[in-house]
Amino acid sequence: MEHYDFQEEMKGLLRACIRRDFEGEFSAHEHDNVFIRRTRHPLSMRFEGFPIYAESVPKIIKSWAKFDEGFEFSLEDMLFLDLETSGLGRSGTLAFLIGLGYYEEEHFVVEQIFLPDPDAEENSFDRLRELLESRSIILSFNGKSFDIPVLESRLLYHHIWLNLREIAHLDVLHLARRMWKRRLSSCALENIEYYILDHPRCPETDIPGAQVPQAYQDFLYSGETELIKRIFAHNHDDILYLAILFALIADNASYPPKAGKDHRIDYHALARLYESVGEMKTARRILIDLISEGFVSADIAYDLGMILKKERDYNTALEAFEMAAELSHGDAMIEAAIILERDRRLDEALSYALKAQAFENSRYKPNAKRLEALSKRIKRLETKLNRA
DNA sequence: CATCTTTGGAAAACGATTGC
DNA sequence: GCAATCGTTTTCCAAAGATG
(Lines give C-alpha, C1' and ligand atoms only; values in the text may rest on other atoms or scores of the structure.)
Protein backbone atom coordinates (compact mmCIF):
# COMPACT_ATOMS: atom_id res chain seq x y z
CA MET A 1 0.00 0.00 0.00
CA GLU A 2 2.94 2.26 0.66
CA HIS A 3 4.61 3.42 -2.50
CA TYR A 4 2.63 4.18 -5.53
CA ASP A 5 4.75 5.92 -8.08
CA PHE A 6 1.98 8.18 -9.07
CA GLN A 7 2.67 10.15 -12.18
CA GLU A 8 1.86 13.80 -11.75
CA GLU A 9 -0.56 13.40 -14.59
CA MET A 10 -2.46 10.63 -12.79
CA LYS A 11 -2.66 12.76 -9.65
CA GLY A 12 -4.11 15.57 -11.70
CA LEU A 13 -6.72 13.30 -13.24
CA LEU A 14 -7.83 11.95 -9.87
CA ARG A 15 -8.18 15.47 -8.52
CA ALA A 16 -10.22 16.44 -11.54
CA CYS A 17 -12.62 13.59 -10.85
CA ILE A 18 -13.02 14.66 -7.24
CA ARG A 19 -13.46 18.30 -8.17
CA ARG A 20 -16.07 17.35 -10.77
CA ASP A 21 -18.16 15.17 -8.47
CA PHE A 22 -17.93 16.75 -5.02
CA GLU A 23 -18.59 20.06 -3.32
CA GLY A 24 -15.48 21.08 -1.47
CA GLU A 25 -12.08 22.68 -1.70
CA PHE A 26 -8.48 21.68 -2.10
CA SER A 27 -5.96 22.67 0.54
CA ALA A 28 -3.43 25.38 -0.24
CA HIS A 29 -0.44 23.02 -0.34
CA GLU A 30 1.61 23.59 -3.42
CA HIS A 31 2.12 19.89 -4.12
CA ASP A 32 -0.03 16.94 -3.20
CA ASN A 33 -2.87 18.96 -1.76
CA VAL A 34 -5.82 17.31 -0.02
CA PHE A 35 -9.54 17.67 -0.59
CA ILE A 36 -11.68 19.08 2.18
CA ARG A 37 -15.42 18.76 2.30
CA ARG A 38 -17.65 20.36 4.92
CA THR A 39 -21.25 19.61 5.80
CA ARG A 40 -23.02 21.93 8.23
CA HIS A 41 -26.03 21.01 10.33
CA PRO A 42 -27.81 23.71 12.34
CA LEU A 43 -27.97 22.81 16.01
CA SER A 44 -31.75 22.93 15.79
CA MET A 45 -31.71 19.92 13.47
CA ARG A 46 -33.17 16.68 14.81
CA PHE A 47 -32.40 13.21 13.53
CA GLU A 48 -35.08 10.66 14.27
CA GLY A 49 -36.10 13.20 16.87
CA PHE A 50 -32.69 13.29 18.54
CA PRO A 51 -30.71 16.46 19.12
CA ILE A 52 -27.20 16.63 17.77
CA TYR A 53 -25.64 18.10 20.89
CA ALA A 54 -25.77 17.48 24.61
CA GLU A 55 -27.20 20.10 26.94
CA SER A 56 -24.29 19.40 29.24
CA VAL A 57 -21.83 16.66 30.08
CA PRO A 58 -22.62 15.28 33.53
CA LYS A 59 -19.93 14.56 36.08
CA ILE A 60 -20.54 10.83 35.95
CA ILE A 61 -19.27 10.74 32.36
CA LYS A 62 -16.14 12.64 33.30
CA SER A 63 -15.37 10.42 36.26
CA TRP A 64 -15.98 7.32 34.19
CA ALA A 65 -13.54 8.61 31.57
CA LYS A 66 -11.04 9.24 34.40
CA PHE A 67 -10.58 12.88 33.50
CA ASP A 68 -8.93 15.12 36.07
CA GLU A 69 -11.19 16.66 38.66
CA GLY A 70 -10.79 20.13 37.26
CA PHE A 71 -11.02 19.20 33.59
CA GLU A 72 -14.08 20.84 32.11
CA PHE A 73 -15.11 20.89 28.50
CA SER A 74 -17.94 22.40 26.57
CA LEU A 75 -19.32 21.62 23.13
CA GLU A 76 -16.70 23.80 21.47
CA ASP A 77 -13.90 21.80 23.05
CA MET A 78 -14.94 18.52 21.47
CA LEU A 79 -13.54 17.04 18.28
CA PHE A 80 -15.18 13.90 16.93
CA LEU A 81 -12.87 11.69 14.91
CA ASP A 82 -13.36 8.76 12.56
CA LEU A 83 -10.95 7.47 9.93
CA GLU A 84 -11.46 5.54 6.72
CA THR A 85 -8.35 3.54 5.98
CA SER A 86 -6.82 1.04 3.62
CA GLY A 87 -7.20 -1.80 6.13
CA LEU A 88 -7.29 -2.88 9.74
CA GLY A 89 -3.58 -3.06 10.41
CA ARG A 90 -1.79 -0.42 12.44
CA SER A 91 1.37 0.48 10.63
CA GLY A 92 1.35 0.60 6.88
CA THR A 93 -2.33 1.40 6.90
CA LEU A 94 -3.16 4.56 5.01
CA ALA A 95 -5.72 6.92 6.51
CA PHE A 96 -7.13 8.22 3.25
CA LEU A 97 -10.09 9.97 4.85
CA ILE A 98 -9.97 11.81 8.17
CA GLY A 99 -13.51 12.50 9.29
CA LEU A 100 -13.90 15.22 11.92
CA GLY A 101 -16.88 16.73 13.66
CA TYR A 102 -17.09 19.87 15.74
CA TYR A 103 -19.47 22.55 16.95
CA GLU A 104 -19.04 26.03 15.52
CA GLU A 105 -21.35 29.04 15.31
CA GLU A 106 -24.57 27.22 16.12
CA HIS A 107 -23.75 24.40 13.73
CA PHE A 108 -22.38 20.91 13.87
CA VAL A 109 -19.77 20.71 11.17
CA VAL A 110 -18.63 17.45 9.62
CA GLU A 111 -15.28 18.07 7.99
CA GLN A 112 -13.74 15.37 5.84
CA ILE A 113 -10.13 15.46 4.75
CA PHE A 114 -9.67 13.21 1.76
CA LEU A 115 -6.51 12.08 -0.03
CA PRO A 116 -6.99 12.23 -3.80
CA ASP A 117 -3.84 10.11 -3.89
CA PRO A 118 -1.62 8.48 -1.24
CA ASP A 119 1.21 10.97 -1.73
CA ALA A 120 -0.98 13.67 -0.22
CA GLU A 121 -1.01 11.95 3.14
CA GLU A 122 1.66 14.06 4.78
CA ASN A 123 -0.38 17.16 4.03
CA SER A 124 -3.54 15.78 5.58
CA PHE A 125 -2.49 16.43 9.17
CA ASP A 126 -2.19 20.22 8.99
CA ARG A 127 -5.92 20.80 9.25
CA LEU A 128 -6.20 18.20 12.01
CA ARG A 129 -3.51 20.02 13.97
CA GLU A 130 -5.22 23.34 13.37
CA LEU A 131 -8.54 22.08 14.72
CA LEU A 132 -6.86 20.48 17.71
CA GLU A 133 -5.19 23.73 18.70
CA SER A 134 -8.51 25.12 19.91
CA ARG A 135 -10.03 21.88 21.16
CA SER A 136 -9.18 19.82 24.22
CA ILE A 137 -10.93 16.48 23.81
CA ILE A 138 -11.29 13.83 21.15
CA LEU A 139 -14.40 11.68 20.90
CA SER A 140 -14.39 8.51 18.85
CA PHE A 141 -15.85 5.05 18.48
CA ASN A 142 -13.12 2.51 19.17
CA GLY A 143 -10.63 5.27 18.47
CA LYS A 144 -8.41 4.36 21.40
CA SER A 145 -7.73 1.01 19.79
CA PHE A 146 -7.86 1.93 16.14
CA ASP A 147 -7.96 5.52 14.94
CA ILE A 148 -5.37 7.02 17.29
CA PRO A 149 -2.80 4.22 16.88
CA VAL A 150 -3.17 4.41 13.10
CA LEU A 151 -2.71 8.17 13.08
CA GLU A 152 0.28 7.93 15.41
CA SER A 153 1.91 5.36 13.23
CA ARG A 154 1.43 7.50 10.14
CA LEU A 155 2.62 10.66 11.88
CA LEU A 156 5.72 8.80 12.98
CA TYR A 157 6.31 7.58 9.46
CA HIS A 158 6.21 11.13 8.14
CA HIS A 159 8.26 12.48 11.06
CA ILE A 160 5.43 14.80 12.02
CA TRP A 161 5.05 15.68 15.68
CA LEU A 162 1.54 15.77 17.12
CA ASN A 163 0.83 14.68 20.69
CA LEU A 164 -2.35 12.68 20.14
CA ARG A 165 -1.78 10.52 23.22
CA GLU A 166 -1.81 13.44 25.61
CA ILE A 167 -5.12 14.79 24.41
CA ALA A 168 -8.10 13.77 26.50
CA HIS A 169 -10.00 11.06 24.66
CA LEU A 170 -13.46 9.74 25.28
CA ASP A 171 -14.09 6.48 23.46
CA VAL A 172 -17.86 6.23 23.14
CA LEU A 173 -17.69 2.53 22.23
CA HIS A 174 -16.83 1.59 25.80
CA LEU A 175 -19.41 3.91 27.28
CA ALA A 176 -22.07 2.53 24.95
CA ARG A 177 -21.08 -1.01 25.83
CA ARG A 178 -21.62 -0.31 29.50
CA MET A 179 -25.03 1.11 28.71
CA TRP A 180 -26.33 -1.51 26.32
CA LYS A 181 -24.23 -4.63 26.62
CA ARG A 182 -27.12 -6.50 28.26
CA ARG A 183 -29.69 -5.37 25.74
CA LEU A 184 -27.83 -5.60 22.45
CA SER A 185 -26.01 -8.60 21.09
CA SER A 186 -23.56 -6.27 19.38
CA CYS A 187 -22.52 -2.76 20.34
CA ALA A 188 -21.08 -1.94 16.93
CA LEU A 189 -21.98 1.62 15.97
CA GLU A 190 -24.28 0.54 13.18
CA ASN A 191 -26.19 -1.77 15.49
CA ILE A 192 -26.62 0.87 18.15
CA GLU A 193 -27.76 3.27 15.46
CA TYR A 194 -30.38 0.79 14.39
CA TYR A 195 -31.74 -0.37 17.72
CA ILE A 196 -31.23 2.67 19.91
CA LEU A 197 -31.25 5.63 17.54
CA ASP A 198 -33.83 4.10 15.23
CA HIS A 199 -31.75 4.84 12.17
CA PRO A 200 -31.17 2.11 9.58
CA ARG A 201 -28.32 2.76 7.17
CA CYS A 202 -29.48 3.13 3.59
CA PRO A 203 -27.91 0.34 1.51
CA GLU A 204 -28.18 2.47 -1.64
CA THR A 205 -25.95 5.25 -0.38
CA ASP A 206 -23.88 3.56 2.35
CA ILE A 207 -20.99 1.10 2.05
CA PRO A 208 -20.04 -1.65 4.50
CA GLY A 209 -16.80 -0.89 6.33
CA ALA A 210 -15.17 -4.07 5.10
CA GLN A 211 -15.49 -2.89 1.48
CA VAL A 212 -13.92 0.50 2.10
CA PRO A 213 -10.26 -0.43 1.46
CA GLN A 214 -11.01 -2.06 -1.89
CA ALA A 215 -13.24 0.83 -2.92
CA TYR A 216 -10.41 3.32 -2.41
CA GLN A 217 -7.99 1.09 -4.34
CA ASP A 218 -10.41 0.95 -7.20
CA PHE A 219 -10.77 4.72 -7.20
CA LEU A 220 -7.00 5.13 -7.41
CA TYR A 221 -6.92 3.00 -10.54
CA SER A 222 -10.07 4.18 -12.24
CA GLY A 223 -10.95 7.62 -10.92
CA GLU A 224 -14.47 6.26 -10.52
CA THR A 225 -16.11 8.23 -7.70
CA GLU A 226 -19.36 6.34 -7.13
CA LEU A 227 -17.98 4.32 -4.24
CA ILE A 228 -16.01 7.30 -2.91
CA LYS A 229 -19.34 9.08 -2.69
CA ARG A 230 -20.58 6.26 -0.50
CA ILE A 231 -17.48 6.39 1.64
CA PHE A 232 -18.01 10.10 2.22
CA ALA A 233 -21.62 9.40 3.18
CA HIS A 234 -20.65 6.50 5.42
CA ASN A 235 -18.00 8.50 7.21
CA HIS A 236 -20.31 11.50 7.52
CA ASP A 237 -22.96 9.35 9.18
CA ASP A 238 -20.40 7.74 11.48
CA ILE A 239 -19.41 11.19 12.73
CA LEU A 240 -22.95 12.54 12.91
CA TYR A 241 -24.47 9.60 14.75
CA LEU A 242 -21.49 9.36 17.04
CA ALA A 243 -22.27 12.91 18.13
CA ILE A 244 -25.97 12.10 18.48
CA LEU A 245 -25.21 8.96 20.45
CA PHE A 246 -22.91 10.82 22.79
CA ALA A 247 -25.57 13.49 23.28
CA LEU A 248 -28.16 10.85 24.13
CA ILE A 249 -25.93 9.28 26.74
CA ALA A 250 -24.77 12.58 28.19
CA ASP A 251 -28.30 13.93 28.45
CA ASN A 252 -29.57 10.84 30.26
CA ALA A 253 -26.70 9.94 32.52
CA SER A 254 -27.46 12.26 35.41
CA TYR A 255 -29.82 11.00 38.05
CA PRO A 256 -32.58 11.69 38.65
CA PRO A 257 -33.10 12.36 34.93
CA LYS A 258 -34.00 15.93 34.13
CA ALA A 259 -36.34 15.06 31.27
CA GLY A 260 -37.88 11.98 32.87
CA LYS A 261 -36.86 8.41 32.29
CA ASP A 262 -36.01 7.32 28.76
CA HIS A 263 -36.87 3.82 27.66
CA ARG A 264 -33.68 3.63 25.62
CA ILE A 265 -31.60 3.86 28.76
CA ASP A 266 -30.89 0.74 30.82
CA TYR A 267 -31.05 2.15 34.34
CA HIS A 268 -29.63 -0.97 35.86
CA ALA A 269 -26.57 -0.43 33.68
CA LEU A 270 -26.52 3.22 34.70
CA ALA A 271 -26.57 2.19 38.35
CA ARG A 272 -23.56 -0.03 37.75
CA LEU A 273 -21.80 2.85 36.06
CA TYR A 274 -22.30 4.97 39.18
CA GLU A 275 -21.22 2.07 41.35
CA SER A 276 -18.04 1.59 39.35
CA VAL A 277 -16.93 5.17 39.99
CA GLY A 278 -17.75 4.90 43.69
CA GLU A 279 -20.96 6.93 43.63
CA MET A 280 -22.79 4.48 45.84
CA LYS A 281 -25.56 6.83 46.91
CA THR A 282 -26.75 7.40 43.37
CA ALA A 283 -26.31 3.76 42.41
CA ARG A 284 -28.38 2.71 45.41
CA ARG A 285 -31.05 5.26 44.65
CA ILE A 286 -31.43 4.10 41.03
CA LEU A 287 -31.78 0.47 42.09
CA ILE A 288 -34.26 1.25 44.84
CA ASP A 289 -36.31 3.35 42.40
CA LEU A 290 -36.28 0.54 39.86
CA ILE A 291 -37.55 -1.93 42.42
CA SER A 292 -40.23 0.39 43.74
CA GLU A 293 -41.35 1.03 40.17
CA GLY A 294 -41.83 -2.70 39.76
CA PHE A 295 -38.73 -3.40 37.65
CA VAL A 296 -37.49 -6.16 39.90
CA SER A 297 -34.94 -8.71 38.82
CA ALA A 298 -32.60 -11.04 40.64
CA ASP A 299 -29.58 -9.09 39.47
CA ILE A 300 -31.01 -5.73 40.49
CA ALA A 301 -31.82 -6.98 43.98
CA TYR A 302 -28.42 -8.65 44.28
CA ASP A 303 -26.53 -5.53 43.18
CA LEU A 304 -28.51 -3.46 45.65
CA GLY A 305 -27.66 -5.97 48.36
CA MET A 306 -23.94 -5.73 47.57
CA ILE A 307 -24.03 -1.95 47.78
CA LEU A 308 -25.88 -2.02 51.10
CA LYS A 309 -23.45 -4.60 52.39
CA LYS A 310 -20.48 -2.36 51.52
CA GLU A 311 -22.25 0.43 53.35
CA ARG A 312 -22.63 -1.94 56.30
CA ASP A 313 -26.38 -1.67 56.31
CA TYR A 314 -26.66 -5.39 56.88
CA ASN A 315 -30.33 -5.55 57.74
CA THR A 316 -31.43 -3.89 54.53
CA ALA A 317 -28.81 -5.80 52.57
CA LEU A 318 -30.27 -9.02 53.89
CA GLU A 319 -33.72 -8.00 52.66
CA ALA A 320 -32.30 -7.38 49.20
CA PHE A 321 -30.44 -10.69 49.15
CA GLU A 322 -33.55 -12.52 50.29
CA MET A 323 -35.48 -10.91 47.48
CA ALA A 324 -32.80 -11.93 44.97
CA ALA A 325 -32.64 -15.44 46.44
CA GLU A 326 -36.38 -15.68 46.01
CA LEU A 327 -35.76 -14.99 42.32
CA SER A 328 -33.19 -17.82 42.15
CA HIS A 329 -29.96 -15.87 42.50
CA GLY A 330 -27.34 -18.30 43.73
CA ASP A 331 -24.78 -15.77 44.97
CA ALA A 332 -27.53 -13.93 46.82
CA MET A 333 -28.30 -17.11 48.76
CA ILE A 334 -24.67 -17.31 49.84
CA GLU A 335 -24.59 -13.63 50.79
CA ALA A 336 -27.74 -14.10 52.84
CA ALA A 337 -26.08 -17.02 54.61
CA ILE A 338 -22.98 -14.91 55.35
CA ILE A 339 -24.99 -12.09 56.89
CA LEU A 340 -27.18 -14.45 58.90
CA GLU A 341 -24.12 -16.27 60.25
CA ARG A 342 -22.65 -12.93 61.27
CA ASP A 343 -25.87 -12.20 63.14
CA ARG A 344 -25.77 -15.59 64.86
CA ARG A 345 -28.99 -16.63 63.20
CA LEU A 346 -27.42 -19.97 62.47
CA ASP A 347 -30.44 -22.03 61.54
CA GLU A 348 -31.53 -19.45 58.97
CA ALA A 349 -27.98 -19.22 57.64
CA LEU A 350 -27.86 -22.99 57.28
CA SER A 351 -31.16 -22.96 55.46
CA TYR A 352 -29.79 -20.48 52.89
CA ALA A 353 -26.54 -22.39 52.51
CA LEU A 354 -28.53 -25.54 51.80
CA LYS A 355 -30.70 -23.65 49.32
CA ALA A 356 -27.57 -22.40 47.58
CA GLN A 357 -26.21 -25.92 47.44
CA ALA A 358 -29.41 -27.29 45.97
CA PHE A 359 -29.49 -24.44 43.49
CA GLU A 360 -25.89 -25.01 42.42
CA ASN A 361 -26.56 -28.73 41.96
CA SER A 362 -29.60 -28.00 39.84
CA ARG A 363 -27.58 -25.98 37.38
CA TYR A 364 -26.62 -27.34 34.00
CA LYS A 365 -22.94 -27.40 34.93
CA PRO A 366 -22.46 -27.13 38.70
CA ASN A 367 -19.30 -25.33 39.74
CA ALA A 368 -17.08 -27.72 41.71
CA LYS A 369 -15.22 -25.02 43.62
CA ARG A 370 -18.41 -23.36 44.66
CA LEU A 371 -19.90 -26.66 45.79
CA GLU A 372 -16.83 -27.38 47.85
CA ALA A 373 -17.01 -23.99 49.54
CA LEU A 374 -20.68 -24.56 50.21
CA SER A 375 -20.05 -27.96 51.79
CA LYS A 376 -17.50 -26.33 54.08
CA ARG A 377 -19.94 -23.61 55.01
CA ILE A 378 -22.71 -26.10 55.70
CA LYS A 379 -20.44 -28.28 57.79
CA ARG A 380 -19.30 -25.30 59.82
CA LEU A 381 -22.85 -24.12 60.42
CA GLU A 382 -23.94 -27.60 61.44
CA THR A 383 -21.18 -28.00 64.03
CA LYS A 384 -21.91 -24.52 65.35
CA LEU A 385 -25.56 -25.43 65.67
CA ASN A 386 -24.80 -28.73 67.40
CA ARG A 387 -22.62 -26.95 69.88
CA ALA A 388 -25.34 -24.54 70.86
C1' DC B 1 -2.89 -15.81 73.58
C1' DA B 2 -1.62 -18.40 69.36
C1' DT B 3 -3.39 -20.45 65.29
C1' DC B 4 -6.43 -21.37 61.64
C1' DT B 5 -10.40 -19.74 58.56
C1' DT B 6 -13.15 -16.38 56.15
C1' DT B 7 -13.77 -12.05 53.98
C1' DG B 8 -13.00 -8.18 50.95
C1' DG B 9 -10.13 -5.35 48.30
C1' DA B 10 -6.25 -5.06 45.12
C1' DA B 11 -3.58 -6.89 41.44
C1' DA B 12 -3.01 -9.92 37.63
C1' DA B 13 -4.54 -12.79 33.96
C1' DC B 14 -8.00 -13.75 30.62
C1' DG B 15 -11.18 -13.15 26.84
C1' DA B 16 -14.60 -10.86 23.95
C1' DT B 17 -15.16 -7.17 21.05
C1' DT B 18 -14.59 -3.41 17.78
C1' DG B 19 -12.54 -0.56 14.11
C1' DC B 20 -11.38 -0.69 8.12
C1' DG C 1 -6.39 -9.93 9.33
C1' DC C 2 -4.16 -6.90 14.05
C1' DA C 3 -4.22 -5.07 18.65
C1' DA C 4 -5.92 -1.97 22.41
C1' DT C 5 -9.51 -1.55 25.71
C1' DC C 6 -12.33 -2.87 29.33
C1' DG C 7 -15.39 -6.00 32.01
C1' DT C 8 -14.94 -10.39 34.16
C1' DT C 9 -12.61 -14.04 36.39
C1' DT C 10 -8.90 -15.64 39.06
C1' DT C 11 -5.33 -15.12 42.33
C1' DC C 12 -3.14 -13.20 46.19
C1' DC C 13 -2.75 -10.86 50.62
C1' DA C 14 -3.90 -8.50 54.76
C1' DA C 15 -7.32 -7.73 58.13
C1' DA C 16 -10.99 -9.53 60.73
C1' DG C 17 -12.88 -13.15 63.03
C1' DA C 18 -13.40 -17.72 65.02
C1' DT C 19 -11.46 -21.67 67.63
C1' DG C 20 -9.08 -24.18 71.15
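This text goes with the structure placed above it.
Throughout this document, residue positions are counted from 1 along each chain, in the order its sequence is written. The order in which chains are written sets their letters, starting at A; the order in which ligands are written sets their numbers, starting at 1. Confidence filtering applies because this is a predicted model: local features only for residues at pLDDT of at least 70, side-chain atom pairs given and counted only at 80 or more, and all residues used for totals across whole chains, interfaces and linings. Working from all heavy atoms in the structure, the side-chain values ignore hydrogens and water.

Participant: How would you sum up the pairing of strand 6 (residues 95–104)? Please name residues and give values.
Facilitator: With a 1.4 Å probe rolled over the protein chains alone, any residue whose accessible area is under 20% of its type maximum counts as buried; one over 50% counts as exposed, and the rest are partly exposed. Counting from the N terminus, the helices are DSSP H or I runs at least four residues long and the strands are E runs at least two residues long. The element strand 6 is largely enclosed, with a buried count of 9 among its 10 residues. Each pair of strands is called paired provided DSSP finds at least two bridges between the two strands. Pairing analysis gives 6 bridges linking strand 5 (residues 78–85) to strand 6, with the strands arranged antiparallel. Considered in strand 6, the bridge of Glu 84 is made with Leu 97. Across 8 bridges, the pairing between strand 6 and strand 7 (residues 107–114) is antiparallel. Counted as the bridge partner of Gly 101 is Val 110 from strand 7.

Participant: Explain unusual backbone geometry residue by residue, including any values.
Facilitator: Here the residue pair Tyr 255 and Pro 256 is connected by a cis peptide bond, since its omega of 0 degrees sits within 30 degrees of zero. Looking at the element boundaries, Pro 256 is found in the loop between helix 8 (226–252) and helix 9 (267–276). Positioned with a positive phi, Lys 66 is a non-glycine residue whose angle comes to about 60 degrees. For Lys 66, the position within the fold is in the loop between helix 2 (59–64) and strand 5. The exposure class of Lys 66 is exposed, given its relative accessible area of 73%. Positive phi values are uncommon outside glycine, yet His 159 reaches one of about 55 degrees. Along the chain, the position of His 159 falls in the loop between helix 4 (147–157) and strand 9 (168–171).

Participant: Before we move on, can you summarise the packing of aromatic side chains with the specific residues and values?
Facilitator: Pairing of aromatic rings covers Phe, Tyr and Trp, the last through its six-membered ring, and needs centres within 6.5 Å; plane angles under 30 degrees mean stacked, over 60 mean edge-to-face, and all others mean tilted. As enumerated under the stated definition, the model contains 19 aromatic pairs in all. Geometrically, the ring pair formed by Phe 47 and Tyr 241 is edge-to-face, given 6.3 Å between the ring centres and 75 degrees between the ring planes. With Phe 47 in strand 3 (residues 46–47) and Tyr 241 in helix 8, this residue pair connects regions lying 194 residues apart in the sequence. Consider the rings of Phe 96 and Phe 114, whose centres lie 6.2 Å apart with planes at 90 degrees: the pair is edge-to-face.

Participant: Can you break down a nonpolar patch on the surface residue by residue, with the values?
Facilitator: Excluding any residue in a salt bridge, patches collect residues exceeding 30% relative accessible area, merging like charges within 9 Å and nonpolar Val, Leu, Ile, Met, Phe, Trp and Tyr side chains within 5 Å. Here the accessible surface of atoms and residues is derived via Shrake-Rupley with a 1.4 Å probe, and residues count as covered only by protein chains that are part of the display. Salt bridge criterion: a side-chain nitrogen from Lys or Arg within 4 Å of a carboxyl oxygen from Asp or Glu. Together, Val 296, Met 323 and Leu 327 give the surface a local cluster of nonpolar side chains, amounting to about 230 Å² of exposed area. By the secondary structure assignment, Met 323 is in helix 12 (residues 314–326).

Participant: Please give an account of the protein's contact with DNA strand C that cites residues and values.
Facilitator: For this description, a residue counts as near a given molecule or strand if any of its non-hydrogen atoms is within 4 Å of it. In the region of DNA strand C, the neighbouring residues are Trp 64, Gly 87, Leu 88, Arg 90, Lys 144, Ser 145, His 174, Arg 178, Arg 344, Lys 369, Lys 384 and Arg 387. The share of sugar and phosphate among atoms of DNA strand C within 4 Å of the protein is 74%. Breaking the surface near DNA strand C down by element, the ones donating at least two residues are helix 5 (172–180) and helix 15 (368–387). Here the element with the most residues in the surface near DNA strand C is helix 15; it accounts for 3 residues. Note that Gly is not counted as nonpolar here; it falls among the polar residues with everything else outside the nonpolar set of Ala, Val, Leu, Ile, Met, Phe, Trp, Tyr, Cys and Pro and the charged set of Asp, Glu, Lys and Arg. Its residues placed into classes, the surface near DNA strand C shows 2 nonpolar, 3 polar and 7 charged.

Participant: Tell me about the protein's contact with DNA strand B, and name the residues and values.
Facilitator: Arg 90, Asn 142, Arg 177, Cys 187 and Arg 380 are the nearest of the 26 residues found near DNA strand B. Of everything in DNA strand B that lies within 4 Å of the protein, sugar and phosphate atoms constitute 70%. Contact between DNA strand B and Arg 377: a phosphate oxygen at 3.1 Å from a side-chain N or O atom of the residue. Within the side chain of Arg 380, a nitrogen or oxygen atom sits 2.8 Å from a phosphate oxygen of DNA strand B. Elements with a contribution of two residues or more to the surface near DNA strand B: strand 5, helix 5, helix 7 (212–222), helix 11 (298–310) and helix 15. Polar contacts, as counted here, are pairs of nitrogen or oxygen atoms within 3.5 Å of one another; within protein the pair requires one atom able to donate a hydrogen and one able to accept it, and residues that are adjacent in sequence qualify only if both atoms are side-chain atoms.

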